[in-house]
Amino acid sequence: MAGSQSQVQPLAQTFKNDTIGGCFLTSVDLFFAFKDPNLPIWVEIRNVVAGAPGQVVLPHSRKVLEPTQVNENLVDGTTPTTFTFDSPVYIQEGHEYSVVVLSKSQDYRIYTAAMGELDLATGAVVSSQPALGVLYKSSNDSAWTPVQNEDLKFKLRRA
């Protein structure tokens with residue numbers, strides 16, 4: 001994840017909730033290769049506007065972790081860091097949302113899956129996009145650039 005010491009440069013992954021009647025999210029797992037020794041990192045669940053991450057942060061969905069709470073795994077990206085929300089986060093059926101990852105540090109590196117690259121855990125070539133959404137990068141948290149052949153490695157948990 002790129003960044004600078006003074007400006008937040010987020011990464012986001014969109015997803016659609018197909019659970020009938022909606023559901024409550026309890027946590028999200030992310031997978032880090034590197035972390036900053038001093039600055040925190042946080043996640044938010046946001047709305048999606050015209051296919052890209054929006055500015056509306058869902059209630060109870062912002063979770064900040066200090067570096068001591070972040071697991072690093074440079075070898076194969078199989079060690080999760082769990083961001084457990086303080087209260088369950090409701091998402092509506094049929095709506096798109098985004099997992100947005102933010103920090104004021106450029107030292108955090110998060111795992112993604114890229115088409116045509118090797119899966120570090122299995123050694124197999126990634127031949128399809130594992131997530132149904134789109135990965136986005138931003139340099140200012142308002143203008144987003146899609147990354148078409150890559151997805152964030154994440155796991156959502158629901159109640």
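**Q** Tell me about the packing of aromatic side chains, residues and numbers included.
**A** Evaluation of the coordinates by the stated rule reveals three aromatic pairs. Consider the rings of Phe15 and Tyr97, whose centres lie 6.1 Å apart with planes at 35 degrees: the pair is tilted. In this pair, Phe15 is assigned in strand β1 (residues 11–16) and Tyr97 in strand β7 (residues 96–103), connecting sequence segments 82 residues apart. Here the aromatic rings of Phe24 and Tyr90 are separated by 5.2 Å at their centres, their planes lie at 55 degrees, and the arrangement is tilted. Placement of the pair is Phe24 in strand β2 (residues 23–34) and Tyr90 in strand β6 (residues 80–91), with a sequence separation of 66 residues.

**Q** Would you mind going over the nonpolar core in detail, with residue names and values included?
**A** Among the nonpolar cores identified, the biggest contains 25 residues, and Leu25, Leu30, Phe32 and Phe83 are the most heavily contacted of them. Where this core is concerned, the elements lending two or more residues are β1, β2, β3 (41–49), β6 and β7. Counting residues per element, this core draws most heavily on β2, which supplies five residues. Other than its neighbours up to four places away in sequence, Leu25 contacts Phe15, Ile45, Phe85, Pro88, Val89, Ile91, Leu156, Arg157 and Arg158. Core analysis: the second largest hydrophobic core is formed by eight residues, Val8, Trp42, Val100 and Trp144 among them.

**Q** Could you give an account of the pattern of salt bridges, with specific residues and numbers?
**A** Tallied over the full model, the rule gives five salt bridges. In this structure, the salt-bridge partner of Arg46 is Glu44, at a minimum N-O distance of 2.7 Å. Judged by relative accessible area, which is 3%, Glu44 ranks as buried. Close ionic contact of Asp86 with Lys63 constitutes a salt bridge, the shortest N to O distance being 3.0 Å. Here Lys63 lies in strand β5 (residues 63–65) and Asp86 lies in strand β6, a separation of 23 residues in the sequence. Beyond isolated ion pairs, a larger network of salt bridges with shared partners links Glu44, Arg46, Arg62 and Asp141.

**Q** Describe in detail unusual backbone geometry, supporting the description with residues and values.
**A** Although it is not a glycine, Ala50 adopts a positive phi angle of roughly 55 degrees. Inspection of the secondary structure assignment puts Ala50 in the loop between β3 and β4 (52–57). A relative accessible area of 85% means that Ala50 is categorised as exposed. For His60, which is not glycine, the phi dihedral falls at a positive 70 degrees. Structurally, the position occupied by His60 is in the loop between β4 and β5.

**Q** An account of the environment of Leu135 is requested, with residue identities and associated values reported.
**A** Relative to the helices and strands, Leu135 resides in strand β10 (residues 135–138). A relative accessible area of 0% means that Leu135 is categorised as buried. Note: C-alpha distance between Leu135 and Leu152 (17 residues apart in sequence) is 6.4 Å. Contact partners of Leu135, with chain neighbours within four places excluded, come to Leu11, Ala12, Gln13, Thr112, Thr145, Pro146, Val147, Glu150, Asp151 and Leu152.

Criteria and thresholds
- Residues numbered from 1 in each chain as written.
- Predicted model: local features only at pLDDT ≥ 70, side-chain atom pairs only at ≥ 80, totals over all residues.
- Heavy atoms only, no water.
- Phe/Tyr/Trp six-rings, centres within 6.5 Å; stacked < 30°, edge-to-face > 60°.
- Helix = DSSP H or I, 4+ residues; strand = E, 2+ residues; numbered from the N terminus.
- Core = buried A, V, L, I, M, F, W, Y, C linked by side-chain atoms within 4.5 Å.
- Buried < 20%, exposed > 50% of the residue type's maximum accessible area, 1.4 Å probe, protein only.
- Contact = heavy atoms within 4.5 Å.
- Salt bridge = Lys/Arg side-chain N within 4 Å of Asp/Glu carboxyl O.

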